[in-house]
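Next come the chains, spelled out residue by residue.
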Amino acid sequence: MSDIHRSSMNRRDWLALVQEPALDADLPIIDPHHHLWNWPNHRYLGEELLADCAGGHRIVATVFVECMSGYRADGPAALRPVGETEFVIGEVERAEAAAERLGVPATQRIELAAGIVGFADLTLGAAVDAVLDQHRESGRGRFRGIRHACGWDPSPEIENSHTQPYSGLMADPMFREGFSRLAAHGLSFDAWCFHPQLPELLALARAFPDTTIVLDHFGGPLGSGPYAGRRAEIFDWCKRHLQELAGLPNVVAKLGGMAMVRSGYGWHKCETPLTSEAFVAAYGDWYRFAIDVFGPERCMFESNFPVDRASISYGVLWNAFKRLADGFSSAEKAALFHGTAQRVYRLPTAWPTCIGAP
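Each residue is numbered by its place in its chain's sequence as written, counting from 1. Thresholds applied to this predicted model are a pLDDT of at least 70 for local features of residues and 80 or more for the giving and counting of side-chain atom pairs; totals over whole chains, interfaces and linings are not thresholded and use all residues. Where side-chain values are given, they derive from all heavy atoms of the structure, hydrogens and water being excluded.

Novice: Please explain the overall build of the chain as it appears in this structure.
Specialist: In this text, helices come from DSSP runs of H or I with a minimum length of four residues, and strands from runs of E with a minimum of two, each type numbered from the N-terminal end. A count of helices and strands for the chain gives 12 helices and 10 strands. Values of the radius of gyration come from C-alpha atoms, whereas the globule rule sets the reference at 2.2 Å times the count of residues to the power 0.38. Scaling as 2.2 N^0.38, a compact globule of 358 residues should have a C-alpha radius of gyration of about 21 Å, and the chain matches this with 19 Å. A principal-axis box enclosing the C-alpha atoms of the chain has dimensions of 50 × 50 × 45 Å. Exposure is judged per residue with a 1.4 Å probe applied to protein chains only, and the accessible area is read against the type maximum: over 50% gives exposed, under 20% gives buried, and values in between give partly exposed. Among the 358 residues that make up the chain, the fraction classed as buried is 56%. Using a 1.4 Å probe, the Shrake-Rupley method yields the accessible areas, and only the shown protein chains count as cover for residues. Within the structure as shown, the chain displays about 14,200 Å² of accessible surface, and the carbon and sulfur contribution to it stands at 52%.

In structure tokens form, the structure reads like this:
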């Protein structure tokens, strides 16, 4: 991750320049995509996430997604990513202890990392079973899926995914052998790729119809390097492939990630962060199209924090999503804000207002 990206995520004072009261504050929200880490120049742990969640929206639970945090320092290389699941469970335990200490009523607590999506190297093939078993054992009943980030582009101007992927990874026979083990373990796959790779993802989804694939961040539309100034062309490309993916019942869409630096809009360089109205004006077409082709019952809004915090604050981002959902029925809103996430990640039914919403 670039230094400018990391520094932009640290700018709490800058983010505080735009504040908005929470819209539809009673609507329950499951945030299905966030990270936790403790880097030398940036900390974002459970404490920081819960502080962001305390801005007036009714966040009831979250799903953690892998980001190379807390890997084991020794032992077999294939098993070191299990340390991330152990690290997240440690954050959960700290959050639970703090809530007990402060006397927070159970009905007002946020279920931090109710679901965990970790990393396992799928190019291990069938040998990945041992890694998946350890993730599940370490996850205290919360482990739900794998993300083996595949984002790769030949341009040296594009920062590829942290897993060091290579061209054609999703078609690699060993990757596919490892991928084939997910359904047997009852795990989903979070797909993080770049938009030129959407045909590869489409082929993968068709080859494994029994594996639930969660499309992260609209399929990773790029807007920097060789893709700068080509937004209309890239949107048309993505629309064609998103429509094809929507035709596959094993694919669902996670809607977020558009405020990342790699989007190319340069919001992180502005004097003030995005407002919810500016966000909708910039990205509304993307969200409306995805919801139209997948349907609300197969879409979920996501924060992608703290990465999207480069351009917008947590509360303002959820206001933007609520503006985008204005006009949908109560059942459709329930799906977009919590129902789809709860079903896809098989989260416990601990939040009665999230179940069977009209």
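From this point, things continue past the structure.
Novice: When you look at the packing of helix H4 (residues 82-102) against helix H5 (residues 129-138) in this model, what are you seeing that I'm missing?
Specialist: Helix-helix packing is described using two parameters, namely the angle between the two axes and the distance between the axes. Axis definition: a line fitted to C-alpha atoms, over the contacting stretch in the case of helices. Angles run 0 to 180 degrees between N-to-C directions. Across the interface, H4 lies against H5 with an axial gap of 9 Å and an inter-helix angle of 10°. Accordingly, the angle class assigned to the pair H4 and H5 is roughly parallel. When H4 is examined against H5, the residues Val-82, Thr-85, Glu-86 and Ile-89 are found in contact with a partner set consisting of Val-131, Gln-134, His-135 and Ser-138. Within the contact of H4 with H5, the residues separate by chemical class into three nonpolar, four polar and one charged. Throughout, the term roughly parallel applies to angles under 35 degrees, roughly antiparallel to angles over 145, roughly perpendicular to angles from 65 to 115, and oblique to all others. Residues count as neighbours in contact if any of their non-hydrogen atoms are within 4.5 Å of one another. Polarity classes work like this: nonpolar for Ala, Val, Leu, Ile, Met, Phe, Trp, Tyr, Cys and Pro, charged for Asp, Glu, Lys and Arg, and polar for all others, with Gly in that last group.

Novice: Help me understand the nonpolar core, please; the structure alone is not making it clear to me.
Specialist: Grouped burial of nonpolar side chains is what soluble globular proteins tend to show. Counting residues in each nonpolar core, the largest one holds 95 residues, and the members touching the most others are Leu-201, Phe-279, Tyr-287 and Phe-301. Counting residues per element, this core draws most heavily on helix H10 (residues 276-294), at 10 residues. Residues Ala-61, Ala-114, Val-117 and Tyr-345 belong to the second largest nonpolar core, which totals 14 residues. We call a set of buried residues a nonpolar core when its members are Ala, Val, Leu, Ile, Met, Phe, Trp, Tyr or Cys and they connect through side-chain atoms within 4.5 Å of each other.

Novice: Looking at this structure, how should I read the packing of aromatic side chains?
Specialist: The way to describe two aromatic rings as a pair is by their centre distance and the angle between their planes. For Phe, Tyr and Trp, where Trp contributes only its six-membered ring, two rings pair if their centres lie within 6.5 Å, and the inter-plane angle classes them as stacked under 30 degrees, edge-to-face over 60, or tilted in between. Counted according to the given criterion, the structure contains 21 aromatic pairs. Seen from their ring centres, Tyr-287 and Phe-301 are 6.2 Å apart, and the 40° between their planes marks the pair as tilted. Taken together, the residues Tyr-287 in helix H10 and Phe-301 in strand S10 (residues 299-301) connect sequence positions 14 residues apart. The interplanar angle of 45° and the centroid separation of 5.7 Å between the aromatic rings of Tyr-287 and Phe-321 together place this pair among those described as tilted. Of this pair, Tyr-287 sits in helix H10 while Phe-321 sits in helix H11 (residues 314-324), placing them 34 residues apart in sequence. Take Tyr-287 and Phe-321: they sit in the same class, and that class is buried. It is Lys-239 that lies over the ring of Phe-235; its NZ or CZ is 4.6 Å from the centre. Here, a charge over a ring is recorded when the distance from Lys NZ or Arg CZ to the ring centre is within 6 Å and its angle to the ring normal is within 35 degrees.

Novice: Could you clarify how one ought to interpret helix H8 (residues 198-207) in this entry?
Specialist: Helical geometry note: an α-helix holds 3.6 residues per turn, so side chains three or four residues apart project in the same direction. Along H8, the positions that sit buried rather than exposed are Leu-198, Leu-201, Leu-202, Leu-204 and Ala-205. Along the axis of H8, the buried positions cluster into a sector of 165°, meaning they face one direction only. Elements that come into contact with the buried residues of H8 comprise helix H6 (173-179), strand S7 (188-191), strand S8 (213-215), helix H9 (231-246) and strand S9 (251-255). As used here, the arc belongs to the directions running from the helix axis to the C-beta atoms.

Novice: Teacher, can you tell me more about H11 here?
Specialist: Burial runs high along H11: 10 of the 11 residues are buried. When we look at burial in H11, the residues that qualify are Tyr-314, Gly-315, Val-316, Leu-317, Trp-318, Asn-319, Ala-320, Phe-321, Lys-322 and Leu-324.

Novice: I keep staring at the pattern of salt bridges and nothing clicks. Help me out?
Specialist: Any two side chains of opposite charge can pair, on the condition that their charged atoms come close. Between Lys or Arg on one side and Asp or Glu on the other, a salt bridge is scored when a side-chain nitrogen of the former is within 4 Å of a carboxyl oxygen of the latter. Inspection of the entire model under this criterion finds 20 salt bridges. Among the ionic pairs, Arg-288 bridges to Asp-285, the shortest N-O distance being 3.3 Å. Residue Arg-288 and its partner Asp-285 are located together in helix H10, separated by three residues, close to a single helical turn. Under the relative-accessibility criterion, Arg-288 is labelled partly exposed at 44%.

Novice: Teacher, can you tell me more about the state of the cysteines here?
Specialist: Covalent bonding between the sulfur atoms of two cysteines is what defines a disulfide. Whenever a pair of cysteine sulfur atoms sits within 2.5 Å, that pair is classed as a disulfide. In total, this model carries zero disulfides according to the counting rule given. The structure places no disulfide on Cys-150, whose sulfur is separated from the nearest cysteine sulfur, that of Cys-193, by 7.1 Å.

Novice: I keep staring at the side chain of Asp-308 and nothing clicks. Help me out?
Specialist: As for its position among the elements, Asp-308 is in the loop between S10 and H11. Here a polar contact is recorded for every N or O atom pair within 3.5 Å, except that within protein the pair must consist of a potential hydrogen donor and a potential acceptor, and residues adjacent in sequence are included only if both atoms are side-chain atoms. Of the polar contacts made by the side chain of Asp-308, one reaches the backbone nitrogen of Ala-259; its length is 3.2 Å. Residues within four places of Asp-308 in sequence aside, it is in contact with Gly-256, Gly-257, Met-258, Ala-259, Met-260 and Ser-303.

Novice: Sorry if this is basic, but what is going on with the confidence of the model for the chain here?
Specialist: Atom-level detail of predicted coordinates should not be read off regions where pLDDT is low. For every residue, the pLDDT score states the predictor's confidence, bounded by 0 at the bottom and 100 at the top. In the predicted model, the chain carries a mean pLDDT of 92, and 93% of its residues have values of at least 70. Here residues 1-8 scores under 50 on pLDDT; set against residues more than four positions off or in separate chains, the count is 17 contacts. Counting interchain partners and residues more than four positions distant, the pLDDT-below-50 stretch residues 352-358 has 13 contacts.

Novice: Even after reading the chapter, I still don't get the sheet that holds strand S6 (residues 143-146), so can you show me in this structure?
Specialist: By way of backbone hydrogen bonds, the strands of a sheet pair with one another, either parallel or antiparallel. Read across the sheet, eight strands follow the order S1-S4-S5-S6-S7-S8-S9-S10 without closing on themselves; strand pairing throughout is parallel. Whereas interior strands pair on both sides, the edge strands pair on one side only; in this sheet they are strand S1 (28-34) and S10. Ignoring strand direction, the axes of neighbouring strands in this sheet form an average angle of 30°. For two strands to count as paired, DSSP must find a minimum of two bridges between them. The pairing of S9 with S10 spans three bridges and is parallel. Counted as the bridge partner of Lys-254 is Met-300 from S10. Each of S7, S8 and S9 touches H8; the most contacted strand, S8, lies at about 160° to it.

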